[in-house]
Amino acid sequence: MNYLYYPGCSLKGTGKAYEESLLAVFDTINVLLEELEDWNCCGATAYMSISELKAFALSARNFALAERQNRDTGTARLLVPCAACYLGLNKAQRYLNEYPELFSTVKEALDEADLILSGPISIRHPLDVIYSDIGLKTIKDNVVRPLQGLKFACYYGCQIVRPYADFDDQFKPYTMDRIVQAVGAEAVDWPLKTRCCGGSLTGTIKDVGLRLSYILISEAKKRGCDMIATACPLCQFNLECYQKEMRKLYRHELDIPIVYFTQIIGMALGIDPHKLGLHRLFMSPLTAFQMRATSGGVHVRN
Amino acid sequence: MEEWRGWRKISYESELDHLFVNEIASIPGGDKLFTCIQCGTCSGMCPLSPYMDYTPRQIIAMIRAGLRWEVLSCYTTWLCASCYSCTVECPKEIKLTDIMYAVKRMAIKQGVYPKKFPIPILANEFFKSVEDSGRSSEGRLILKLFLKTNPLKLFRQTGLGLSLFLKGRFSLKKETIQRKNELRSVIKALETEHMVKSREELGLLKETTI
Ligand code: SF4
Ligand code: SF4
Ligand code: SF4
Ligand code: SF4
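Before going into details, it helps to say that this report is about the structure given with it.

Each value, and the rule that gives it
- Residues numbered from 1 in each chain as written.
- Chains lettered and ligands numbered in written order.
- Predicted model: local features only at pLDDT ≥ 70, side-chain atom pairs only at ≥ 80, totals over all residues.
- Heavy atoms only, no water.
- Helix = DSSP H or I, 4+ residues; strand = E, 2+ residues; numbered from the N terminus.
- Buried < 20%, exposed > 50% of the residue type's maximum accessible area, 1.4 Å probe, protein only.
- Contact = heavy atoms within 4.5 Å.
- Areas by Shrake-Rupley, 256 points an atom, 1.4 Å probe, with all protein chains shown as cover.
- Pairing = 2+ DSSP bridges.
- Axes fitted to C-alpha atoms, helices over the stretch in contact; angles between N-to-C directions.
- Near = heavy atom within 4 Å.
- Nonpolar A, V, L, I, M, F, W, Y, C, P; charged D, E, K, R; others polar.
- Phe/Tyr/Trp six-rings, centres within 6.5 Å; stacked < 30°, edge-to-face > 60°.
- Lys NZ or Arg CZ within 6 Å of the ring centre and 35° of its normal.

## Digging into the overall build of chain B
On a plain count of helices and strands, chain B comes out with 12 helices and zero strands. Ordered by position from N to C terminus, the α and β elements of chain B give α-α-α-α-α-α-α-α-α-α-α-α. Taken across its 210 residues, chain B has 50% of its residues classed as buried. Long-range contacts, defined as pairs at least 24 residues apart, comprise 65% of the intrachain contacts of chain B with a sequence gap of at least 6. A total of about 11200 Å² of accessible surface is found on chain B, and carbon and sulfur atoms cover 58% of it.

Below, the structure is given as structure tokens:
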């Protein structure tokens, strides 16, 4: 199995730990990832507010690059971990497909740069790839340190399963829950898996953004979770980085580590925590991992 | 006793702008908005509606009625976090999130938003940085946003910035792609007259930067 990897801007910055843990996990289970050569921003969200057409064209350049770089016989497979990029690229592909005039306009523009846009490519989120392609069995077989006793709230955020994804249930997603269970931990059932965390509102209309993130954290805490598992760099950022402010604002002890689901898999596979970017989190989940995990000790290098 | 709340605000028939709805409906798939049954599912699903001045359902009704100014100047579209809850639940498959984006684009184009309001500024800075270098540089974006909106906030925020920096998650380095010219010719091609015409037919408005 071969995947082209589209990091997106966040995974090179605030979401670095997501990239590190993702690469480490794929490396351990021997699935090859090749970074998309000279990828550009997918043009999601903020770009959409200025020019829809250019946003689609930005995505289309990435598709053309993927087709060019694809060495497999079948359709190019693009692995996209950031929820915003995943949605943006998916949306662009949908619209190019559904609206022929849009397609020809964008195609014509790409021609100017000798970029060829032909067939569709397959845009995949790591949750999808791990659940559907790699399979829970492979993950289970590779677990050396089962995470028994740990309780996670799996938070999918809004833009992974909504509105274009078809690998999970839009209303009650389960793939992350199953993955967490496959490594021996518990996933609580909670109704807020896809409730919006506020997105960039935490930085723009702060009162509202913080409130939305706060609701998620307090509900997860209420259910006795040790950590919240995320699959998007912005969700992770919102839930983790504003805890101090929320504590002040809502007078509520909120401390709870917010990890990427790839870090959870990595810990269970026995990967060095440093390689998983655990040291980049504000609140280290290491103690929680150590206290609860049954067999084997975690080597701390923080 | 009820307190006197001033004059009730009335929109007169003569003030309605019937072209407005067609402009919005011209985005891809936008004509579905004519089928809205005002059921309110979108408002019920929207996690932001308690904070909005008009709920998503009201926005659709107002667009159809032709209340151009009221729609362009409200806070609803700025509060929309593009979470797509409304879009997936609407029984008439109306693409509400796309409509919110269309209203945002129009408001930005016409400059209808409070001064120093962070959202259009963020959108614009993001746009410029990507148009220029093909990628966005998170750190620079945040810095510019604070300088253009409220410089004092920057100092309050530096605590967070510093912590992120220490964790290796924040940098002011400029991110860029290698073949900028390639991207530029794509973007330029979209700006030629012929293209602008076909894009107007597509209902994709021309952008303006602040
Ligand atoms: S949408 Fe994706 S590629 Fe674009 S800035 Fe955000 S993370 Fe980066
Ligand atoms: S939950 Fe928040 S950060 Fe995650 S995709 Fe939705 S808006 Fe974006
Ligand atoms: S859910 Fe759809 S049909 Fe119902 S009010 Fe909203 S837009 Fe109209
Ligand atoms: S996409 Fe916008 S309007 Fe629709 S539910 Fe989400 S926040 Fe509300």
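## Points about the sheet that holds strand 2 (residues 32–35) of chain A
Hydrogen bonds between backbone groups are what pair the strands of a sheet, and the pairing can be parallel or antiparallel. Residues and elements named next belong to chain A. Read from one edge to the other, the open sheet built from four strands follows the order 2-1-3-4, with strand pairing classed as parallel. Sheet topology places strand 2 and strand 4 (122–124) at the edges, where each strand pairs with a single neighbour. Neighbour-to-neighbour, the strand axes of this sheet turn through a mean angle of 35°, independent of strand direction. Note: strand 1 (residues 2–5) against strand 2, four bridges, orientation parallel. In the strand pairing of strand 2, Y3 is matched with L33.

## Re the site of ligand 4
All names here are of chain B. In the vicinity of ligand 4, 13 residues are found, and the nearest of them are C46, C80, C83, Y84 and C86. Sorting the residues of the shell around ligand 4 by element identifies helix 6 (85–89) and helix 7 (96–110) as the ones contributing at least two each. Partitioned by chemical class, the residues of the shell around ligand 4 number 10 nonpolar, three polar and no charged.

## Examining the packing of aromatic side chains
Evaluated as defined, the whole model comprises 11 aromatic pairs over all chains. Judged by centre distance (4.0 Å) and plane angle (20°), the rings of Y214 of chain A and Y250 of chain A are stacked. Taken as a pair, Y214 of chain A in helix 9 (residues 206–222) and Y250 of chain A in helix 11 (residues 243–250) lie far apart in primary sequence, 36 residues in all. Across the pair, exposure class does not vary: Y214 of chain A and Y250 of chain A are buried alike. An aromatic cluster is built from F56, Y95 and Y99 of chain A, whose rings are joined through pairwise contacts. One Lys or Arg, R77 of chain A, reaches over the ring of Y3 of chain A and ends 4.9 Å from the middle of that ring. Across the ring face of F282 of chain A, the terminal group of R169 of chain B is positioned such that the distance to the ring centre comes to 5.5 Å.

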